Amino acid sequence: MKKNLIMFLALTLLVSVFAACGSNEPQFEPDDAALALLEEGAFADLLSPVDATIAQSLYNLGELEITACSVYCSTGATAEEIAIFRCADAETAKEVELAAKARLESQSATYASYAPEAIPEIENAVLRVRGCYVACVVSGDAALASSILDRYMK
Amino acid sequence: MKSGILKYALTFLSVFVVLIAFVFVGSCSTADKPPVSSETDPGTELSTPNGTETPAPSQDVPPTDAVETPDPVPPTPTPTPEPTAPPTVLPASDPVDDEWFSDAAFLGNSLVDGFRLFSGLTTCDYYAVTSMTIVSSTDMVNLMNQKQYGKIYILLGINEIGYEPEVFKGQYADLIERIREHQKDADIYIMGLSPVSEYRSTTDGLFNMTRVRLYNEQLLELAGEKGCYYIDLVEALSDETGYLPSAVTSDGIHFEAVHYQVWLDWLRTHHA
């Protein structure tokens, strides 16, 4: 009986660790990571924040449950962009990752003829998923952007 | 001698008197004609313009010539005031709120996409694609024409700035016609090309204010011809030097969020 109880408790603990976003998963505000990326000089263009509603529309997120996001878009002169989402759960994060990939493909098609110099930046975009978080960053310095993101979602 | 002179004088005087009498009688015969006036002899009925027959004059009344009266002058018709055509370039007026744009569509290139992202105006519909030209706008125009709008704002041209201006104008005219076929009640606002920065203008053979103004002259003309309104984005978005402020742009053409607010404010105050 005691053995069964211990087994049951261990299993419960194991399940709770892997369910949703536990204490081992990143915990940060998307705004903090986005500001760090902006301030540490990874971008050549002028990036401005967009409203959460517009951000969800831009990434075709539909009814996906996003608990927080920070999206900065360029003037249009380049494809540089910052998009960091905190999703309701890991499953939603996977859906958002797919949406981010589609966004990159769309940008690639647009800029291929419009501003071909933007293509390498799009191809080298940092797309990272950790727990409930998704980050998609198109910058002039992908390595720098990646190292900044490591501080938040390694 | 004296009697001869006297005789001669008497003869001359007689002849003179006869002559004077003759002249006198002649002048009296012309005085019988009555003067032309509105008053008529009460015994005579004048012929009227509608052809009423004049009765024969009485035998006791000396015949008079028909009095000519001028035909009545028809009254000068009051000219119907021609409807005043609405101005192509709208003057500044009281600002409208976001609700005013709820039946508006914005069609255009990356700058319209920027307007969508940064202006904060969410009550309207956007049909914007980076790199859109008139030629490539067909799909978006067809999509837009599936819904009826009260106002349609168009910004195209910066991606075609290398064309001949007249060719551009011709293509734009066709675009207006295509839109009008489906949007019969919409006010169409042709937005002129926005300014470029001084650096861009002085270093680029195409993206410069000379060509921007050349295109905008065509667009202003087109707006007048097609009964559209013209929005002067150079006036709206340039600084006192006539260029796009360098602080708001990285490439001299596109601009950051804060400048879209200036654009929106201009549209709020320049409307039909």
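Above this note sits the structure.
Everything numeric in this text was worked out from a predicted model, so none of it was measured.

1. Observations regarding the overall build of chain A
Working step 1: Looking only at helices and strands, chain A has six helices and five strands in total.
Working step 2: Helices and strands appear in chain A in the N-to-C order α-α-β-α-β-β-α-α-β-β-α.
Working step 3: Out of the 154 residues in chain A, the part that is buried amounts to 45%.
Working step 4: Looking at chain A alone, contacts between residues at least 24 apart form 63% of all its contacts between residues at least 6 apart.
Working step 5: Of the roughly 8,100 Å² that chain A leaves accessible, carbon and sulfur atoms contribute 55%.

2. Describing a nonpolar patch on the surface
Working step 1: A cluster of nonpolar side chains, namely Val135, Tyr163 and Val167 of chain B, defines an oily patch on the protein surface of about 250 Å² accessible area.
Working step 2: Looking at the secondary structure, you find Val135 of chain B in the loop between β2 (125-128) and α3 (138-144).

3. A short note on the packing of helix α2 (residues 30-39) of chain A against helix α6 (residues 142-153) of chain A
Residue and element names in this part refer to chain A.
Working step 1: At a closest axis distance of 10 Å, the pairing of α2 and α6 adopts a crossing angle of 150°. Classed by the angle they form, the pair α2 and α6 counts as roughly antiparallel. Crossing handedness for the pair α2 and α6: right-handed. Residues Asp32, Ala33, Ala36 and Leu37 of α2 touch α6, and the partners they reach there are Ala145, Ile148, Leu149, Arg151 and Tyr152.
Working step 2: Of the residues belonging to the contact of α2 with α6, the class tally is seven nonpolar, no polar and two charged.

4. Digging into the nonpolar core
Residue and element names in this part refer to chain B.
Working step 1: Counting 60 residues, the largest nonpolar core has Phe101, Phe106 and Trp263 as its most contacted members.
Working step 2: Those residues within four positions of Phe106 in sequence are excluded, and the remaining contacts are Phe101, Val112, Phe115, Leu121, Cys124, Asp125, Tyr126, Tyr127, Ala128, Tyr153, Met191 and Leu267.
Working step 3: Core analysis: the second largest hydrophobic core is formed by 35 residues, Leu107, Tyr127, Ile161 and Ile176 among them.

5. A word on the interface of chain A and chain B
Working step 1: The partner chain B presents 17 residues to the 15 residues of chain A that form the contact.
Working step 2: A buried area of about 1,300 Å², summed over both sides, lies between chain A and chain B, and 65% of it is on carbon and sulfur atoms.
Working step 3: Linking chain A with chain B are zero salt bridges, by the criterion used here.
Working step 4: At the surface where chain A touches chain B, the tally comes to four residue pairs in polar contact (both at pLDDT 80 or more).
Working step 5: Of all the elements in the fold, those that place two or more residues in the side of chain A that touches chain B are β1 (48-49), α3 (52-58) and α4 (90-114) of chain A.

6. Description of α6 of chain A
Residue and element names in this part refer to chain A.
Working step 1: If you check α6, its first and last C-alpha atoms are 15 Å apart, about what 12 residues at 1.5 Å a residue would give, namely 16 Å.
Working step 2: If you check which residues of α6 are buried, you get Ala145, Ile148, Leu149 and Met153. Angularly, the buried residues of α6 cover 120° about the axis, an arc narrow enough to put them on a single face. Exposed residues pointing more than 90 degrees away from the buried face of α6 are listed as Ala143 and Arg151.

Quick notes on the rules
Residues numbered from 1 in each chain as written. Chains lettered and ligands numbered in written order. Predicted model: local features only at pLDDT ≥ 70, side-chain atom pairs only at ≥ 80, totals over all residues. Heavy atoms only, no water. Helix = DSSP H or I, 4+ residues; strand = E, 2+ residues; numbered from the N terminus. Buried < 20%, exposed > 50% of the residue type's maximum accessible area, 1.4 Å probe, protein only. Contact = heavy atoms within 4.5 Å. Areas by Shrake-Rupley, 256 points an atom, 1.4 Å probe, with all protein chains shown as cover. Patch = residues over 30% accessible without salt bridge, like charges linked within 9 Å, V, L, I, M, F, W, Y side chains within 5 Å. Salt bridge = Lys/Arg side-chain N within 4 Å of Asp/Glu carboxyl O. Axes fitted to C-alpha atoms, helices over the stretch in contact; angles between N-to-C directions. Parallel < 35°, antiparallel > 145°, perpendicular 65-115°, else oblique. Left-handed = near helix turned anticlockwise from the far one by under 90°. Nonpolar A, V, L, I, M, F, W, Y, C, P; charged D, E, K, R; others polar. Core = buried A, V, L, I, M, F, W, Y, C linked by side-chain atoms within 4.5 Å. Buried area = accessible area lost by both parts, 1.4 Å probe. Polar contact = N/O pair within 3.5 Å; in protein donor to acceptor, adjacent residues only side chain to side chain. Expected span 1.5 Å × (residues − 1). Arc of directions from axis to C-beta.

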